[in-house]
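One-letter residues, chain by chain:
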Amino acid sequence: MDALLTSAVAGLTAGGTYALLGVCAVFTYRLVSVVNFTGAAIGTAGTFALIALTEAGYPTWPSVLAGILVGAFVGVAIGYVMTRWFAESSASTKAAVTVALLVGLIAVGLRLTGGQHPHVMPELFPGSAFRMAGVEVTFASVLTIGLAVLFTVLSDLFLNRTGVGLHLRALSDRPMAAELLGVKVQLLSLLVWGLTGAFTTFALMIIAPQRSPNFMTLSLLVVPALAAALVGLFRSFWLTLAGGILLGVIEGMASTVDSISQYRSAIPFLVVLAVLLWSQREARWDDAR
Amino acid sequence: MGVSNMTWKSSLLAASLAALGLGAMAGGASAAGPTCSGGAIKVGAVSTITGPADFSEVPKATQAAFDAVNAAGGINGCKIDYTIADDKADPAVAAQAARDLIDNKEAVALVGSASLLDCAVNGATYARKDIRSIQGLGVDAACFSSPNIAPVNVGPFTLTTAVGYYATNVLKAKKLCAFFIIIGGTQEAYKKGIEDWEKISGQKIHLLDLTLPFQGDLTPYVIKARDAGCDTVLTNQVEPQVVQLIKTVDAQKITGINWLFLAPGYTEQVAKALADSPQPIYAGTEWEPYTETDSAANAEWVADMKKANRPLTAFSQGGYLAAQMFLKVVGGIDGEVTRDSVNAALLKMQPISNPLAGSPYVFGEAKTHSPMRATKVMKLDKGKWTVETADWVHLPDTN
């Protein structure tokens, strides 16, 4: 039991990461209706800009700022592609396009960053916050979970209580109609892409030191993040938050049980499958009525 | 008198010259050395150059070694015509590349290959076509279990045993734990590596975990190692994961465990990224530590690489070593260098020593080949790798 609790706490770090990136994915989906597979890759690009700058000897915090700007820029660039050419495409087409973009980003990123060679990743928030069940919970983990919660609260408020939020939701549901009503569609969309780009970059800067520091593994964090988003059915921020943390905790616990442990990386897929089956069941139910 | 004397003298001279000529001819006949039709010996390599990994340093070093020999006139006048084929880590491309080298380029042997999948994909082809590969860097398990492939590196599986052997003998490990990332069909080979260690050391592995993820958070694993009471942890992680693991260990404030890695962990990037870590970090090498550029064992390799303007990396040692072995073997062939004569020479060759490696290299008739069984252990000290074992750690035989 103790071992299980310990490993559950050990999974919190991963859980916070999934939750934070998951909430970002939901945010993007609700505002520009794109299931964005490039989310983590955008953040990774910004993070590697930070690494390049600090490795070149520039001071940390200005480099962080520059990295965030790079992340925002990459986000806007991808957003431009999506809004310019695929605004009226179906959700599945858009998702496929982002998958293609992800593959491209990873290929280019790996080349530019020297492939599998590790880099010196500046730790923005070093040290551990507290000890729980024999596990050091790092500042980075606490901050990740904290940011995920904060982003959840803010997104919820923003979308449901502000005029801009309303516009953005209109934009997501009926871009053409929104445009006719005088909503600046393209500008608002690009703003969303830029903001989420900046935010995921900052998130990944916190997460990266604890992760395998190469472009591909960081970019692929999007898979469990999208699994978390699916728990929230790409609608609910709170369910996504809970889903992400739960996913990390389950993964952590799985690593103590040898027979399950080797299938550990399949857990996000199992969760996706379970959620899809569940939501399909609902759909069938609705159809039958 | 004078004339006859002259005649006598000149005939003596002629006779002795003739004798000398005969002698030279006789000497020539007994050690004709390798010959080649067309003035070239064709050699190839199948390597992963583009794709998920880049092993091009290996065959490029082989190329540099051959270039040096060619510039000096070749072996007995035969230049080496070397072709490097990129398999792009794609099985179909790898198979095609091998067929091209064997059938169209008519390579007599493969030298200095380094690929994610050449051995697994082409091992059977090499056996069927009866061509042998002096692999510059054996990566996958098939490189160490094919009759026609013999790598010049120790390889991750034997290195697992060797580094474990060092842990028990020198670090006095009592509770050795091993965590492996299992990719493809490597599980049995790693298990065998640990079993061999158990036979040699007489100890039992304290904890064996074959589920280390390629990506994902490692916190649960380092906690597992700590709570199991491991005093030494051995893993097969590659560069970025090595850094991630140690960062996670530091974040968890774990002390008192020795962290042992295989050759992929021994890089300058790892050293730099982990310069601040207080953990005792060790790595086993495949060859003479490449960072020791002043060592006598590295001298020839360093000189040739500098001449060819190639970087001094561990990979380039492998390619260079493979070339040296091939040159030695071909140098001992009498007559035409063909695939058959190279095969015959490899089969009956005596072990060849080279200062770059701790074990002599031999091909021979065995069904599987893993001739290299020695490592040097490096320790990370403030951002620099230092040699922990000045002498080679030789792995005793398990049988």
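Asks: For this particular structure, what's the right way to read the environment of B:Ala322?
Replies: All names here are of chain B. Of note, Ala322 is situated in helix H11 (residues 314–331). Classification of Ala322 as buried rests on a count of 31 C-beta atoms within 10 Å. Distance in space between the C-alpha atoms of Ala322 and Gly136 is 5.3 Å, their sequence separation being 186 residues.

Asks: Where do I start with helix H6 (residues 139–161) of chain A in this structure?
Replies: Three- or four-residue spacings in an α-helix give side chains the same orientation, since the helix completes a turn every 3.6 residues. Residue and element names in this part refer to chain A. Between its first and last C-alpha atoms H6 spans 32 Å; for 23 residues at 1.5 Å apiece the expected length is 33 Å, and the two agree. All of the buried residues in H6 are Ala140, Ser141, Thr144, Ile145, Ala148, Phe151, Thr152 and Ser155. In this fold, the buried residues of H6 make contact with helix H2 (12–32), strand E2 (135–138), helix H9 (185–207) and helix H12 (237–254).

Asks: Could you clarify how one ought to interpret the nonpolar core in this entry?
Replies: Taken as a class, soluble globular proteins show a tendency for nonpolar side chains to be buried jointly. Judged by nonpolar contacts, the single largest core of 207 residues is most densely connected at A:Leu21, A:Val23, A:Ala225 and B:Ala109. A total of 14 residues in this core trace back to one element, the largest contributor, which is H2(A). When residues are assigned to domains, this core turns out to be shared by domain 1 (35–154 + 293–368) and domain 2 (156–285 + 376–394) of chain B, each giving three or more. If near-sequence neighbours (up to four positions away) are discounted, A:Leu21 is found in contact with A:Gly39, A:Ala40, A:Thr200, A:Ala203, A:Leu221, A:Val222 and A:Ala225.

Asks: It is not clear to me how the interface of chain B and chain A should be interpreted in this structure. Could you clarify?
Replies: Accessible area lost upon the coming together of the parts is a frequently used measure of interface size. With 29 residues of chain B at the interface, the matching set in chain A holds 32 residues. For the side of chain B that touches chain A, the secondary-structure elements that each account for two or more residues are helix H7 (219–227), helix H8 (239–251) and helix H9 (268–273) of chain B. Of all the elements, H8(B) adds the most residues to the side of chain B that touches chain A, at eight residues. Counted by class, the side of chain B that touches chain A contains twelve nonpolar, nine polar and eight charged residues.

Asks: What is the right way to look at the domain arrangement of chain B in this model?
Replies: Residue and element names in this part refer to chain B. Domain annotation of chain B identifies domain 1 (35–154 + 293–368) and domain 2 (156–285 + 376–394). Taking only C-alpha atoms, the centre of domain 1 and the centre of domain 2 are 30 Å apart. Domain 1 puts six residues into the contact, and the matching count from domain 2 is twelve residues. When the residues that make up the side of domain 1 that touches domain 2 are grouped by side-chain class, the tally is four nonpolar, one polar and one charged.

Asks: What exactly am I supposed to notice about the sheet that holds strand E3 (residues 79–86) of chain B here?
Replies: Two strands in a sheet stick together by hydrogen bonds in their backbones, pointing the same way (parallel) or opposite ways (antiparallel). Residues and elements named next belong to chain B. The four strands lie next to each other as E3-E2-E4-E5, forming an open sheet whose pairing is parallel. The strands lining the two open edges of the sheet, one partner per strand, are E3 and strand E5 (133–134). Sheet analysis places strand E2 (residues 40–47) next to strand E4 (residues 109–111), joined by two bridges and oriented parallel. Pairing of Val43 across the sheet is with Ala109, part of E4. Contacts between helix H3 (residues 91–104) and the sheet are confined to E2, E3 and E4, with E2 contributing the most and set at about 175° to the helix.

Asks: How do you make sense of the pairing of strand E10 (residues 281–284) of chain B when you look at a structure like this?
Replies: Moving residue by residue along a regular strand, the side chains alternate between the two faces of the sheet. Residues and elements named next belong to chain B. Of the two faces of E10, the one lined by Ile281 and Ala283 and the one lined by Tyr282 and Gly284 are each fully buried. Bridging between strand E9 (residues 258–261) and E10 involves three bridges; their strand directions are parallel. In the strand pairing of E10, Phe261 is matched with Ala283. Each parallel crossover has a hand, and for E9 linked through H9 to E10 it is right-handed. When E10 meets strand E13 (residues 377–381), the two strands line up antiparallel, connected through three bridges.

Asks: Even after reading the chapter, I still don't get helix H2 (residues 57–71) of chain B, so can you show me in this structure?
Replies: Residue and element names in this part refer to chain B. The terminal C-alpha atoms of H2, which comprises 15 residues, lie 21 Å apart, in line with the 21 Å expected from a rise of 1.5 Å per residue. Of all the residues in H2, the buried ones are Glu57, Val58, Pro59, Lys60, Ala61, Thr62, Gln63, Ala64, Ala65 and Phe66. Of the surrounding secondary structure, the elements contacted by the buried residues of H2 are E2, E3, E4, helix H10 (299–307) and H11. Residue Gly73 follows H2 closely and has a positive phi angle near 105°.

Criteria and cut-off values
- Residues numbered from 1 in each chain as written.
- Chains lettered and ligands numbered in written order.
- Predicted model: local features only at pLDDT ≥ 70, side-chain atom pairs only at ≥ 80, totals over all residues.
- Helix = DSSP H or I, 4+ residues; strand = E, 2+ residues; numbered from the N terminus.
- Buried ≥ 20, exposed ≤ 12 C-beta atoms within 10 Å, placed from the backbone.
- Expected span 1.5 Å × (residues − 1).
- Contact = placed C-beta atoms within 7 Å.
- Core = buried A, V, L, I, M, F, W, Y, C linked by C-beta atoms within 7 Å.
- Domains from an automatic or database assignment.
- Nonpolar A, V, L, I, M, F, W, Y, C, P; charged D, E, K, R; others polar.
- Pairing = 2+ DSSP bridges.
- Axes fitted to C-alpha atoms, helices over the stretch in contact; angles between N-to-C directions.
- Right-handed = clockwise from strand over helix to strand, strands pointing away.

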